[in-house]
Each structure stands twice: as structure tokens, then as C-alpha cells.
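Structure assessment
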Amino acid sequence: MSHTEAAPAESTPKLALSELSPQTLYDKCVALARNLWWTWHPEVINLFRDLDPIRWRQLDHNPIALLAEFTPERLEMRASELVLYSRINYAYRRLKEYMNNTQTWGRTHAGVLGSKPVAYFSAEFGIHESVPIYSGGLGVLSGDHIKSASGLGIPLVAIGLFYDQGYFKQHLDIDGYQREEYLATKVENVPMEPATDDEGNQITVSVDTRTGQLLAKVWLMHVGRIHLYLLDCDVEGNSPEDRELTSRLYGGDHRTRIRQELVLGVGGVRALAALGITPGVYHLNEGHSAFATLEAIRERMENDGQSFDNALRDVAQHTVFTTHTPVPAGHDRFDGGLIEEHLGPLRDRLQISYEQLMGLGRVEPHNEGESFCMTVLGLKLSRRANAVSQLHGHVSRRMWSHLWPWRVEEEIPIGHITNGVHVPSWLAWQMLQLYERNFPVGWLQSMGEHEVWQRIHQVDPGELWEVHYALKNLLLSFVRRRVSRQCRRRGESDAVVEAARNLLDPNALTIGLARRFATYKRADLFMSDPERLYRLLNDPERPIQIIVAGKAHPADEPGKQLIKKIANARHDGRFANRVVYIEDYDINVCRHLIQGVDVWLNNPRRPLEASGTSGQKAVLNGGLNCSILDGWWAEAYDGSNGFAIGKGTTHVSDQITDQRDAEFLYETLENEVVPLFYERDVDGLPRGWIQRMMNSISSLAWRFSAHRMVMDYTRTAYNTAAGGLSCDMSVR
Ligand SMILES: *Cc1c(COP(=O)(O)O)cnc(C)c1O
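Residues numbered from 1 in each chain as written. Predicted model: local features only at pLDDT ≥ 70, side-chain atom pairs only at ≥ 80, totals over all residues. Heavy atoms only, no water.

1. What to know about the overall build of the chain
Counting its regular elements, the chain contains 29 helices and 20 strands. For the chain, whose C-alpha radius of gyration is 26 Å, the value lies close to the compact-globule estimate of 27 Å for 732 residues. Taken along its principal axes, the extent of the C-alpha atoms in the chain is 80 × 75 × 50 Å. At a minimum sequence separation of 6, the contacts of the chain that also span at least 24 residues come to 74%. When the accessible area of the chain is evaluated, it comes to approximately 27,400 Å², of which 49% is carbon and sulfur surface. For the chain, the distance from the average position of its 78 positive side-chain charges to the average position of its 92 negative side-chain charges is 2 Å. (Helix = DSSP H or I, 4+ residues; strand = E, 2+ residues; numbered from the N terminus. Rg over C-alpha atoms; globule rule 2.2 N^0.38 Å. Contact = heavy atoms within 4.5 Å. Areas by Shrake-Rupley, 256 points an atom, 1.4 Å probe, with all protein chains shown as cover. Lys, Arg positive; Asp, Glu negative; His and termini not counted. Charge placed at Lys NZ, Arg CZ, Asp CG, Glu CD.)

2. Comments concerning unusual backbone geometry
Between Arg 606 and Pro 607 the backbone carries a cis peptide bond, its omega angle lying at 0°. The residue Pro 607 is located in the loop between strand S18 (599-602) and helix H25 (614-620) in this model. Its identity as a non-glycine residue notwithstanding, Asp 60 has a phi of 60°, on the positive side. With respect to the helices and strands, Asp 60 occurs in the loop between helix H3 (53-58) and helix H4 (63-68). With a relative accessible area of 28%, Asp 60 lands in the partly exposed category. Phi is positive for His 61, close to 60°, though the residue is something other than glycine. One can find His 61 in the loop between H3 and H4. (Buried < 20%, exposed > 50% of the residue type's maximum accessible area, 1.4 Å probe, protein only.)

3. So, a positive patch on the surface
On the surface, Arg 49, Arg 57, Arg 481, Arg 485 and Arg 488 cluster together to form a positively charged patch. Residue placement: Arg 57 occurs in helix H3. Judged by relative accessible area, Arg 57 falls into the partly exposed class, the value being 48%. (Patch = residues over 30% accessible without salt bridge, like charges linked within 9 Å, V, L, I, M, F, W, Y side chains within 5 Å. Salt bridge = Lys/Arg side-chain N within 4 Å of Asp/Glu carboxyl O.)

4. Quick notes on the packing of aromatic side chains
Aromatic rings considered in pairs are described by the distance between their centres and by the relative angle of their planes. As enumerated under the stated definition, the model contains 25 aromatic pairs in all. Aromatic pair Phe 439 and Trp 443: ring centres 5.2 Å apart, planes at 80°, arrangement edge-to-face. When sorted by exposure, Phe 439 lands in the same class as Trp 443, which is buried. Ring plane angle 40° and centroid distance 5.6 Å describe the contact between Trp 633 and Tyr 637, whose orientation is recorded as tilted. We classify Trp 633 as buried; its relative accessible area is 0%. The positively charged end of Arg 225 is found above the aromatic ring belonging to Tyr 98, 4.3 Å away from the centroid. (Phe/Tyr/Trp six-rings, centres within 6.5 Å; stacked < 30°, edge-to-face > 60°. Lys NZ or Arg CZ within 6 Å of the ring centre and 35° of its normal.)

5. Re the environment of Val 44
Examined against the element boundaries, Val 44 turns out to sit in helix H2 (residues 42-51). Exposure remark for Val 44: the relative accessible area of 0% places this residue in the buried category. Here the alpha-carbon distance between Val 44 and Ala 91, two residues 47 residues apart in the chain, equals 6.4 Å.

6. Notes on helix H11 (residues 292-304)
Side chains of residues three or four places apart in an α-helix project in the same direction, reflecting 3.6 residues per turn. The first and last C-alpha atoms of H11 sit 18 Å apart over 13 residues, in line with the 18 Å expected at 1.5 Å per residue. The element H11 is extensively covered by neighbouring structure, given that 10 of its 13 residues are classed as buried. Within the span of H11, buried status applies to Ala 292, Thr 293, Leu 294, Glu 295, Ala 296, Ile 297, Arg 298, Glu 299, Arg 300 and Met 301. Directly beyond the C-terminal end of H11, a positive phi value near 70° is found at Gly 305. (Expected span 1.5 Å × (residues − 1).)

7. Some remarks on the domain arrangement of the chain
Its domain assignment divides the chain into domain 1 (9-100), domain 2 (105-419 + 711-731) and domain 3 (423-704). Inter-centroid distance (C-alpha atoms) of domain 1 to domain 3 is 34 Å. Listed by partner, the interface residues are five residues for domain 1 and six residues for domain 3. Among the residues of domain 1 in contact with domain 3, Trp 40, Pro 42 and Arg 57 are the three that bury the most area, contributing 65% of the side total. Along the contact surface separating domain 1 from domain 3 lie zero salt bridges. Counting the contacts that link domain 1 with domain 3 gives zero residue pairs in polar contact (both at pLDDT 80 or more). Counted by class, the side of domain 1 that touches domain 3 contains two nonpolar, two polar and one charged residues. (Domains from an automatic or database assignment. Buried area = accessible area lost by both parts, 1.4 Å probe. Polar contact = N/O pair within 3.5 Å; in protein donor to acceptor, adjacent residues only side chain to side chain. Nonpolar A, V, L, I, M, F, W, Y, C, P; charged D, E, K, R; others polar.)

8. Comments concerning the pattern of salt bridges
One side chain can pair with another of opposite charge once the charged atoms of both are near each other. For the structure shown, the criterion picks out 48 salt bridges. Put simply, Arg 257 and Asp 332 hold a salt bridge, and the shortest N to O gap is 3.3 Å. Of this pair, Arg 257 sits in helix H10 (residues 254-275) while Asp 332 sits in the loop between strand S10 (319-322) and strand S11 (333-334); the two residues are 75 residues apart in sequence, bridging distant segments of the chain. Across the pair Glu 583 and Arg 489 runs a salt bridge whose closest N-O atoms are separated by 2.8 Å. Of this pair, Glu 583 sits in the loop between strand S17 (579-582) and helix H24 (587-596) while Arg 489 sits in helix H20 (residues 461-489), placing them 94 residues apart in sequence. On the basis of relative accessible area, Arg 489 is assigned to the partly exposed category, the value being 42%.

9. Digging into the sheet that holds strand S19 (residues 624-628)
Strand order across the open sheet formed by six strands is S17-S16-S15-S18-S19-S20, with parallel pairing between neighbours. The sheet terminates laterally at S17 and strand S20 (643-645), the two strands that pair on one side only. Averaged over all pairs of adjacent strands, the angle between strand axes in this sheet comes to 20°, irrespective of strand direction. Alignment of strand S16 (residues 544-549) against S17, held across four bridges, turns out to be parallel. (Pairing = 2+ DSSP bridges. Axes fitted to C-alpha atoms, helices over the stretch in contact; angles between N-to-C directions.)

10. Details of the confidence of the model for the chain
When pLDDT is averaged along the chain, the result is 94; 96% of the residues meet or exceed 70. Confidence over residues 727-732 falls short of pLDDT 50; this stretch has 23 contacts with residues more than four positions distant or in other chains. (pLDDT = per-residue confidence, 0-100.)

11. Here's the deal with the site of the ligand
Taken together, 13 residues lie around the ligand, and Arg 515, Cys 590, Thr 613, Ser 614 and Lys 617 are the ones closest in. Thr 613 is positioned such that a nitrogen or oxygen atom in its backbone is 3.0 Å from an oxygen atom of the ligand. The side chain of Lys 617 places a nitrogen or oxygen atom 2.7 Å from an oxygen atom of the ligand. Look at the ligand: alone it shows 390 Å² of surface, and the protein chains cover 92% of it. When contributions to the shell around the ligand are tallied by element, the ones reaching two or more residues are helix H8 (137-152), H24 and H25. The residue inventory of the shell around the ligand, partitioned by class, reads five nonpolar, five polar and three charged. Taken domain by domain, the makeup of the shell around the ligand includes at least three residues from each of domain 2 (105-419 + 711-731) and domain 3 (423-704). (Near = heavy atom within 4 Å.)

12. Remarks on the side chain of His 422
Residue position: His 422 is located in the loop between strand S14 (414-416) and helix H17 (423-426). When its relative accessible area of 0% is taken as the criterion, His 422 is described as buried. At a separation of 2.7 Å, a polar atom in the side chain of His 422 contacts the side chain of Ser 425. When sequence neighbours within four positions are dropped, the list of residues in contact with His 422 reads Trp 40, Asp 144, Lys 147, Ser 148, Ala 706 and His 707.

13. Quick look at helix H28 (residues 687-700)
With 14 residues, H28 ought to run about 20 Å at 1.5 Å a step, and its terminal C-alpha atoms sit 20 Å apart, in line with that. Burial analysis of H28 places 10 of its 14 residues in the buried class, which makes it a mostly covered element. Burial in H28 covers these residues: Trp 689, Ile 690, Arg 692, Met 693, Met 694, Asn 695, Ser 696, Ile 697, Ser 698 and Leu 700.

14. Side note on the pairing of strand S7 (residues 212-223)
Across a regular strand the side chains alternate sides, sitting on one face of the sheet and then on the other. In terms of burial, S7 is largely enclosed, as 10 of its 12 residues are buried. Counting the residues between successive antiparallel strands, the hairpin from strand S6 (residues 204-209) to S7 contains two residues.

Structural data, given as C-alpha cells:
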């Protein structure tokens, strides 16, 4: 495979200091901070951190905010104390090389996209903790998708919304109950600039509704080579209420939701037109953006004089739709009143009736009892649709089979492309060093290829274990810092705050469990049998400890009760200091957890996990997955690369499924995980465990990388959709 990232070739030449005036030095740092390329380059992250390690942490690792506290002169002083000149210069040159490199995989494999890029729509993008426009898995997936598209050189532009308050910050009160806080982000600390047209005018788009016009300005964010355009309703001309339309992610009621989705879909397509971008493919990542197809039809009708039917066919041929939700309640639905209020003016221009429009969002077009479903719209208006794991493909085909009543289930045109993670974003620096020492030169350019990762088997087991142990210690110090801070904020006693500084044991088997606290994810499954758990945690020879994190949706009361139950385990003598809860799960917390745990635990109620990606992040860093055979793990587990909970069966009764799975969970921990971890050779190394770490890395890292995922999308969906080839999704 060809190059995907510019490799640093020559060594760093010595610079005359005069070449770097304070202002030049400062400008180079700002240029680095303003392209999110830095978020997956540890040498640049370390550079920012070294400027002021304490402020760096306090500012949520935001280099723009950090640099704002420096004058060029002070920066220069700091740089000379630390001899940072060559590092800044080197990083800057690597960024330039990266941006200018045209020898990419995309150039040879996505040529057909040429000047008509993929337009990738998503309601959230999780790129870094300092850019809070994501809530969880869907956003992180979008972020990883565009980072890999950048690395591979795929012609792609991304469209999303700018939420100035993002998703909530989570604190637990003294009773362990979740409290939500929304903090406004300072726009000047976000690495984006107003998007402009050819003449340099700031782009603003408008969308008519029956009750008035909605305006949105367009921001441009640079994520490596990818342009991410973000629409923002906080503009003059909007009513005070509408100015807040895009302040929060997944906040508000149905009306807020449809208005956000109108701006994302219809506004997004208008923004592309204003930018002079003609997409060759529309990729709708989840149903939120599906209104985009209607606006694309309008463009074809009004600009090219096509009929509605022809325009619809044409748009569908160029549209790729990805569904993420096997839970029926997870699909957006709107009633006819909201649809007519918001899509009415567009419907007039499409020259279709209210009934015709509603039919596009209904399984049975004429069923007046059926509301308008965004997923149905996405499926009807795309010729390529996919789920996000093999098992989720089966589930989705069954779930939507009534849309194609004349077909048997296997022929329902929904395929699957399994999710993956952006390797450099999730790989610990120490692990990266280990791979650099042992893998072929330039291996990061081929991280989606199987062969590269086989080298892990030649690594000295002691070396791998040592790196892992160091990362585990870093995780434990992070946990201690966070927990003592949590206790202090809740006003707990000095003794409690102090005790938190000595939590956890680096030699104990450490299990991580972090997810959105939806009840079907059953985060408390490990607590089903407290006595059995007690024995596992407190075994004098072979103890285990569990670190938990995760937010519940603000409206999800049962989810909040789950959090409370787990967080309050610390007051129970049987579990104290062995079950630890970290507040405010975000990309930063996730990164620490997946880089340091021995085991990543996931036990959703099968088959409700569409894919899951956090376990894939653990793989890269030597963590072993212990999971229900659901989502990605159902196709990943091979008997020797992690642990399976149960046999992939489900009972019609949730209660019985849960009881069985709890039993399986304890059995797996007691009979497989704990014994293997504590089986040591004369050197004190757990040989069998390390072998499993190696099997996990070699068999999974490439397959569940976002590079592999984006290559799959390109080969099986983008290229054919761009060519307007008419076919059913054929990627399963
Ligand atoms: C990776 C990631 C997720 C996705 O995790 P799953 O539970 O495996 O779907 C969610 N939230 C954050 C912050 C992440 O980094």
C-alpha cells in the first residue's frame, strides 16, 4: 500500500536563532494549535504540555487557550529555557509536509471522487476533549472517521453543528446522584474560523419554515487535510430562542431536535453550495442528517430541471446511509405537524404533497398513524445502507425487513462495515515507542494492514509487560488525582481526600468499565451477586479492582440510579477502595482508562450493542477484552485473543438473560481471567496472559482500525456511489 502520512525523512537541522523571532515562533505554535492534526501527534502534544504542564491540564489540554496566556516574548523565554526551538520547528515542518503530501492511498484508490468529494454528515464529532461537540460513541466514531480519511487522503468534507455548550459536564453529589452542568465554550478558544466564499464573505445559510426563517453561520475547522464545516445558529437575525438552538447537543424537546436536524441536513447542503463544493457522495452518519437528501433533490430539480422522481433516483444513487441503532427508541421520529412546519416550504419547492413527503419517512407510506422516521428516510433515499458490525447487520435487516416486504431477510439491502478506531489517537505514547522499536519502518502508514501487526509476536514479552505496567501506573495516578478532587469538591473530610491519594494497587488485576449508562448496557451486572463479587475483589492472593465511568442521559432516571448504585459502593466496606467511580467520562478519561487497564469489560444485553469501539482502543494498548459476544466482539473473538462472556445466546425474557449473563460473567472472571493473570513464571511474568495480549494486538488492531474502516467505505460504497452506479449495498 502506498504512503498515507508524510514520513519525517531528514533529521532536524540546527537553526540560527535569528531565524525564529519571538513572533515567528509564536505564529508557528498557533499554526500547530489551529489544525487538529496535533491531537494525534504525541510529539506536538508533549511540546504544548511542556510550555506549562499545570495550565495545560487546567485548560483541558487546549493549546489555543494556553497560547493566549503567552506573549511571543514569554513564549520565547520559555522555549529557550527548555530548548524547544527545534521541536517547534520540526513539528511545524511535519505539519506542512503532511498537508502537502499528495502520495496518498486515496489518490490511487479514490480517484473517482476527484473534485467531487464525499460530504460526510454527522450530528457530533469527537475529535479531542478540548473541542466539546460530541457526547459519546457516535461522535468519537465520526472524529476517527475523518482523521483516517485525512491520513488516507480521501477527498472528503465533513458537516456538523457547532454546540457552544456541547454536552453536559457530570458531577456526582454527596449521595452519588448525577448532576449536569453546561459550560459555555469560548468561541475564540475553539480552533475554527468563519468559512468564507470566493469573495471572502462569511457564509451564512438560511432555511425557511412555516413559522419563520432560521439562519446559521458556517465555521471551518481543520482536522489534518479534512475541512469540517460546523453550522451555528447563534447569529443576529435569529430570535433569541433560535440563537440557542445549537447550544446543546441532544438537549431540548422534539421541536428543538427537528430544528437542529433541519439546520444540519438542509442547512448543511446549502452551506456546501455556498462554498462551491459539489459532493459526489452524501454519507449520512445516522439518521439525524437525512433531510439533506431532500435539499439535494431540490437542487437537482431547480438547477438541472429534473423531475422529482428522477432527482430522487439520482440523489439516492449518490447517498450512503449508516445506521447505528438496534434499539427501536433510538430512532428519531417526528409527528406530521412538526414535519409540515419545518419541511413545508421545501416540500412546496419539491412540488410534492404532504402525504408524499410523510410517505418518505414511513414504513407504510399511507399509514396515517405512522410518524416520520429519520432512519426510514435515510434508508429510502440511499442506495447503499450499512450497519456497523456483522451482527448489527443481521439485526438491522430484520428490524427494517418490512420496508422491503417482497424480499427475504438475507436480501434486505442493508450491509455492514464494522467500526474501527483511529490508531494514533488512542495509542499511548509508550506503546507507540514500543511499536516504533519493533515494527517495520513507516508502519503507521499501513496500520490498516494485517502484516504490520504480526511483528508483535517477535517483541520480548518482558518488554511488552513492562510498558503495560508503566501505563497501568499512569492510569492509577490519574484515578487517584481525579477521585481526591471529586471528594474535595463534594466537601468530604480531609481523611477521605487523603485516602483517595493511595487508592488501588498496581499489582492487582485491574478492570475498566466505561460507557453511557443506558440500562441495556447493564453496567452493574458485576454487582448482581455481592458476595461473589466480594470474594473476587478481596482474594488475598489474587485480588481484582474495578474502575467505572460513564454518564447517563439527563432524562434517563434509571441510568442515574445505576450510577448511584455503583458510585456508592465505596461506602460499603466490602467494596470500598476496590470499586472506583470516575466522574465526567469524556475522551480524556477514556484515553487514560483504555491505555492502562488489564481488562476492558463490556456486558450489554445482546444484541443491543451496535458495535462499540472503546474495547478496540484497549486492544492497541495491550488491554484484553472481556465481553458479551455482541457488537464488534461477536466477530472479533477467536478463543485466544481475549475473553468471551457466555456463548452468544439470548433468552426472550430479559430477566433470565440477565441472570444467565451474570453467572457467565462471574464464571469467566473466576475460571479464566483471574487464573491466567496470576499465573507467573520464575521471572514473575504472566506468560499466558502476555501471549493473549499479543494475539489480541496481532489479530485485532488492524481489523478494527478506522483506516481499515474508511478503506472499506471507499472501496465498497464511496467509489460506486460517486460513479452513480445503481446497485444494492453489497458489502456484507
Ligand atoms: C470511544 C468512546 C466511546 C464509545 O465507546 P463504546 O461504549 O464502546 O461505544 C464513548 N465515549 C467516549 C468518550 C469514547 O472515547
